[in-house]
Amino acid sequence: MSNPAVPPRSLAEALRARDDVSLAALLRARPDLITPVPTDLTQLATRAGTRASVVRALERLDRFALQTAEALAVAADPAPYEELRALLTGDGGDPAVSAALPRALATLREQALVWGDDDRLRLVRTARELLAPSPQHPSPTGLGPTVQEATAGMSPGRIQEIVQAAGIGSTHDAVSAVAALTALFTDRERMSALLAGLPEESREVLSRLVWGPPYGQVTADPAVHLRRLLDVGLLVPTAPGTVVLPREAALHLRGGRAHREVEPLPPAVEPAATHRPQVVDATAAGQAYTALATVEELLKDWDEGGPAVLRAGGLSVRDLKRTAVALDVAEPVAAFWVELAYAAGLLASDGEADERYAATPAHDEWLEQPPAQRWARLAQAWLAATRVSGLVGGRDAKERTLSTLGPGLDRSAAPEVRHRVLTLLAGLPEGAAPSRESVLARLRWERPLRGPQREDDLRSRLAEWTLAEAELLGVTGRGALSGHGRALLGAAAPKTVDKAAPKTAEKVPQGPGDKLPVHHRPAVAEPLSPAEQATASAAAARLLAPLLPEPLDHVLLQADLTAVAPGPLQRSLAEVLDVLADVESKGGATVYRFTPASVRRALDAGQSASDLHAFLAAHARTPVPQPLTYLIDDVARRHGHLRVGAASAYVRCDDDALLNEILADKRAAGLRLRRLAPTVLAAQADPASLLDGLRAMGFAPAAESADGDVLITRAHAHRTPPRSAPEPVPDGPPIPDPTLLSAAIRAIRAGDLASTTPRKQTDQPPPATGELPRTSSAETLATMQAAVLTGEALWIGYVNAEGAASQRVIAPIRVEGGFVTAYDHTADEVRTYPLHRVTGVAELAEE
């Protein structure tokens with residue numbers, strides 16, 4: 001461990017001074033640093049400063065923490081705390097910014113983006129390169145280069161002319177001249193006097209550049225007011241025809257503020273409307289029931305085999321339109337339901353040569369579950385899914401159209417945005433529906449874009465889609481989070497924990513010397529365990545179940561050959577009624593219509609007229625109307641009177657007068673019928689076409705087998721082989737669990753001990769940093785045997801069977817048979833190592 005009284009000279013030393021709780025917080029906030037586990041703290045610091053890791057960390061900062069980092073990037077390196085605060089608060093000060101700054105700085109320190117004491121704050125070099133102003137990458141602050149940077153290529157004579165024109169007087173060299181000009185621009189009184197002596201037109205030019213961009217264009221012969229600015233160094237040429245306003249001058253004009261607007265606190269999520277919680281829950285439950293009915297109808301529509309899979313994957317535009325018509329919804333909504341069923345593992349491609357989409361075996365299991373549990377499965381799949389149906393119809397990077405169920409729809413940020421949006425809704429009072437603008441503003445503060453803010457950025461679109469999809473699915477009702485939605489949120493939402501958080505409240509840091517209490521550090525999201533997810537899903541289903549309508553076992557028959565289902569029907573009743581009648585309208589009550597074709601469909605499925613009469617009598621709350629009884633009897637009397645079989649095809653009937661009627665009908669000409677016997681007609685059409693043709697003529701033929709038996713036609717369900725639900729695309733490395741964190745920190749500490757432990761001086765030069773010690777086999781064996789007798793610890797280099805090299809500190813216990821048994825301080829346990837894999841040993845220096 002480093003001496004805490006000595007200021008750290010590098011990020012590695014700053015990390016070395018941290019305790020295990022602080023290192024664990026760093027690795028949770030930046031999990032990419034632990035993959036693979038660093039060998040020591042020096043390697044951890046190096047990895048924390050790589051460009052990819054720093055960019056990822058900056059993208060996960062809130063707006064004020066990012067503004068704090070941007071201010072440090074334009075401050076001196078290192079910068080004292082007071083200079084940083086002045087850049088954020090300006091000359092007038094800002095109590096809110098001053099109060100929030102310690103917490104933002106603690107966030108940057110915790111994530112190893114800033115290190116050093118309060119009097120020497122240093123931004124990690126890669127972060128400074130990313131955030132500091134440059135002509136190629138303007139700073140978000142709108143500031144330009146310093147006087148020293150802007151005049152780097154200027155001739156000494158020209159610099160002397162500028163300082164003389166600014167009233168400073170000539171100096172001995174260019175370096176002192178630049179320092180004098182910098183001192184002038186940072187002196188408030190002298191700078192104010194200099195600006196007061198400029199023409200109004202010159203000050204107007206400065207006002208246009210002060211908040212950025214700081215670069216402007218001038219001609220070869222600039223106007224007088226521009227020439228005056230060039231003479232005193234308030235504009236410095238950087239390229240032919242281009243000038244820049246130096247940073248120090250811009251900060252004076254801004255009143256010392258690095259940003260035009262500093263946002264230390266997140267914007268509040270404002271309620272747009274408030275409803276009674278009972279109304280919200282009832283509305284959400286009604287929509288949840290509709291969601292279940294829609295998914296069931298979709299899968300029923302694809303029960304015998306759905307649309308074909310495109311060559312490039314996905315659903316064609318034509319098939320999506322047909323599905324939207326079948327579900328009676330808009331195409332984007334149809335895409336959402338299809339993607340939701342896919343995410344829940346209820347449909348997939350069958351993998352056949354003629355590949356099609358179909359329901360999976362999991363669909364049949366899902367149908368057997370209670371409605372509330374079925375809804376919880378759909379909602380949980382939606383929360384965790386990375387596929388985004390809102391992208392359907394857009395274009396990918398190669399300008400290819402994105403299709404439903406096709407590739408290119410995964411967005412790893414989707415689950416985190418959904419969780420965050422619902423969490424914001426959960427933070428409002430029960431029954432409160434937020435305004436869209438306040439939700440988007442809050443999300444943009446929590447994850448700002450490093451650059452110009454856009455209304456159509458991906459996170460904003462994901463948030464808007466989340467609000468709409470949550471309403472469709474019944475997670476929200478009238479825009480407010482429902483009770484079962486709150487319960488389900490714990491099933492897929494990361495939980496905020498901190499293992500070291502004290503149970504007693506601590507004060508929020510107010511000044512640079514205050515340390516940030518552990519429980520005030522930025523929250524770290526950890527996924528819930530499967531058991532916790534199951535518990536939360538069960539709780540959501542338990543809350544939803546009483547709100548869903550109970551399935552009915554009856555319908556209301558009417559004289560106009562319709563039946564009204566005043567609510568959801570029991571599955572067995574609905575399945576029979578779907579065959580016996582056609583759905584005429586949906587809504588709170590479903591209207592079915594009986595037609596000759598629908599009755600014939602039921603007879604074809606193996607039902608008899610007596611079966612249908614008994615079914616209606618058992619499930620009708622009203623008397624069976626006489627027209628419906630006549631319709632069933634009339635279709636049943638004619639059903640099967642004609643028999644169609646395979647010759648090419650034939651028609652047989654005991655009533656030759658009926659066959660004569662068919663032959664005389666002009667509509668039968670296309671079937672090319674001829675009489676083979678008094679009771680048999682032959683056709684040149686196939687049996688299916690013959691059946692359809694006769695039915696179109698108003699007859700009720702029945703198909704028969706080769707043995708002369710009536711064929712019963714039932715729908716044959718097509719199922720895919722067992723399929724698992726698609727895995728969400730991870731948003732970077734997963735957050736390590738406590739066990740992995742503990743083991744990783746122990747290994748890093750031990751490796752750091754091995755690499756930093758002092759060794760005894762020898763005649764041989766010490767190995768270079770990161771290299772293993774090298775000794776001969778005889779020297780290694782002799783040193784090991786001596787350490788067994790003295791009980792001293794050794795520093796060794798070791799290469800394992802996979803070829804991975806490491807440094808270790810061991811205390812040898814026994815050496816025999818080509819192996820050394822020792823207590824390994826790195827692994828904190830006794831281990832045995834083959835001597836031939838030890839590259840060398842070195843004795844540790846005495847304390």
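For the structure itself, look to the data block above.
Residues numbered from 1 in each chain as written. Predicted model: local features only at pLDDT ≥ 70, side-chain atom pairs only at ≥ 80, totals over all residues. Heavy atoms only, no water.

A. Geometry of the overall build of the protein chain. The helix and strand inventory of the protein chain stands at 33 helices and 27 strands. Buried positions account for 46% of the 847 residues belonging to the protein chain. Once local pairs closer than 6 in sequence are excluded, the contacts in the protein chain between residues at least 24 apart make up 65%. (Helix = DSSP H or I, 4+ residues; strand = E, 2+ residues; numbered from the N terminus. Buried < 20%, exposed > 50% of the residue type's maximum accessible area, 1.4 Å probe, protein only. Contact = heavy atoms within 4.5 Å.)

B. Quick peek at unusual backbone geometry. Of note, the amide linkage connecting T35 to P36 takes the cis form, showing an omega dihedral of -5°. Among the secondary structure elements, P36 is positioned in the loop between α2 (20-29) and α3 (41-48). Put simply, D77 and P78 share a cis peptide bond, and its omega is 0°. Relative to the elements of secondary structure, P78 occurs in the loop between α5 (63-73) and α6 (81-89). Residue E399 is not a glycine yet carries a positive backbone phi of 65°. As for its placement among the helices and strands, E399 is situated in the loop between α20 (371-384) and α21 (414-426). Take E399: its relative accessible area is 53%, and that puts it in the exposed class. One non-glycine residue, L405, lies in positive phi territory at about 65°.

C. Expanded view of the pairing of strand β25 (residues 819-824). As paired elements, strand β24 (residues 805-816) and β25 share six bridges and run antiparallel to each other. Paired with P812 across the strands is A822, a residue of β25. Here β24 folds back onto β25 in antiparallel fashion, the turn holding two residues, of which G817 has a positive phi close to 60°. Two elements, β25 and strand β26 (residues 829-834), share six bridges in a ladder whose sense is antiparallel. Bridging from a neighbouring strand, T821 pairs with T832 of β26. (Pairing = 2+ DSSP bridges.)

D. Looking closely at the nonpolar core. Grouped together as the largest cluster of nonpolar side chains are 90 residues, with contacts concentrated most on F64, F185, L234 and L235. Broken down by element, this core gets its largest block of residues, seven residues, from α5. Core analysis: the second largest hydrophobic core is formed by 69 residues, L315, A344, L347 and L424 among them. (Core = buried A, V, L, I, M, F, W, Y, C linked by side-chain atoms within 4.5 Å.)

E. Up close: the sheet that holds strand β3 (residues 215-217). Across the sheet, three strands lie side by side as β3-β5-β4; this open sheet has antiparallel pairing. If you trace the sheet from one side to the other, it starts and ends with β3 and β4 (236-239), each paired once. The average angle at which neighbouring strand axes cross in this sheet is 40°, direction not considered. Strand direction decides the pairing type here: β3 and strand β5 (residues 242-244), joined by three bridges, are antiparallel. (Axes fitted to C-alpha atoms, helices over the stretch in contact; angles between N-to-C directions.)

F. How the structure looks around empty space enclosed by the protein. Inspection of the entire model under this criterion finds four cavities of 30 Å³ or more. One number sums up the size of the largest cavity: a volume of about 100 Å³. Around the largest cavity, the lining residues are F336, E339, L340, A343, W382, A385, R387, V388, S389, R418 and E469. In terms of residue count, helix α18 (residues 331-343) provides more of the lining of the largest cavity than any other element does, four residues in total. Each residue belonging to the lining of the largest cavity can be placed in one class, and the counts come to six nonpolar, one polar and four charged. (1 Å grid on protein atoms, 1.4 Å probe; cavity = no way out; pocket = protein on both sides within 12 Å on 5 of 7 lines; lining within 4 Å. Points joined across faces, edges and corners; volume = space filled by probe spheres on them. Nonpolar A, V, L, I, M, F, W, Y, C, P; charged D, E, K, R; others polar.)

G. Region of interest: the environment of V583. The residue V583 is located in strand β16 (residues 582-585) in this model. For the pair V583 and T562, spaced 21 residues apart in the sequence, the C-alpha separation amounts to 9.5 Å. Other than its neighbours up to four places away in sequence, V583 contacts D578, T590, V591 and Y592.

H. A look at helix α27 (residues 596-604). Within the sequence span of α27, burial applies to S598, V599, R600, A602, L603 and D604. Summarising the contacts, the buried residues of α27 are in contact with α26 (571-580), β16, β17 (590-593), α28 (609-619), α29 (626-638) and α31 (687-696).

I. Highlighting helix α7 (residues 95-110). Taking 1.5 Å per residue, 16 residues should reach 22 Å; α7 reaches 24 Å between its end C-alpha atoms and fits that length. At L101, α7 is bent by approximately 35°, the largest bend along its length, and proline P102 sits one to four residues beyond. Listed as buried for α7 are V97, S98, A100, L101, P102, A104, L105, A106, T107, L108 and E110. The elements touched by buried residues of α7 are α2, α5, α6 and β1 (114-115). The backbone nitrogen of A96 lies 3.1 Å from a side-chain oxygen of the residue at the head of α7, namely D94. (Expected span 1.5 Å × (residues − 1). Bend = angle between axes of the 7 residues up to and from the residue. Polar contact = N/O pair within 3.5 Å; in protein donor to acceptor, adjacent residues only side chain to side chain.)

J. Quick peek at the packing of α21 against helix α22 (residues 436-446). It is the contact of α21 with α22, at a shortest axis distance of 11 Å, that shows an interaxial angle of 120°. As the angle between them shows, α21 and α22 are arranged oblique. Here the hand of the crossing between α21 and α22 comes out right-handed. When α21 is examined against α22, the residues R420, V421 and L424 are found in contact with a partner set consisting of V439, R442, L443 and E446. Tallied by class, residues from the contact of α21 with α22 come to four nonpolar, no polar and three charged. (Parallel < 35°, antiparallel > 145°, perpendicular 65-115°, else oblique. Left-handed = near helix turned anticlockwise from the far one by under 90°.)

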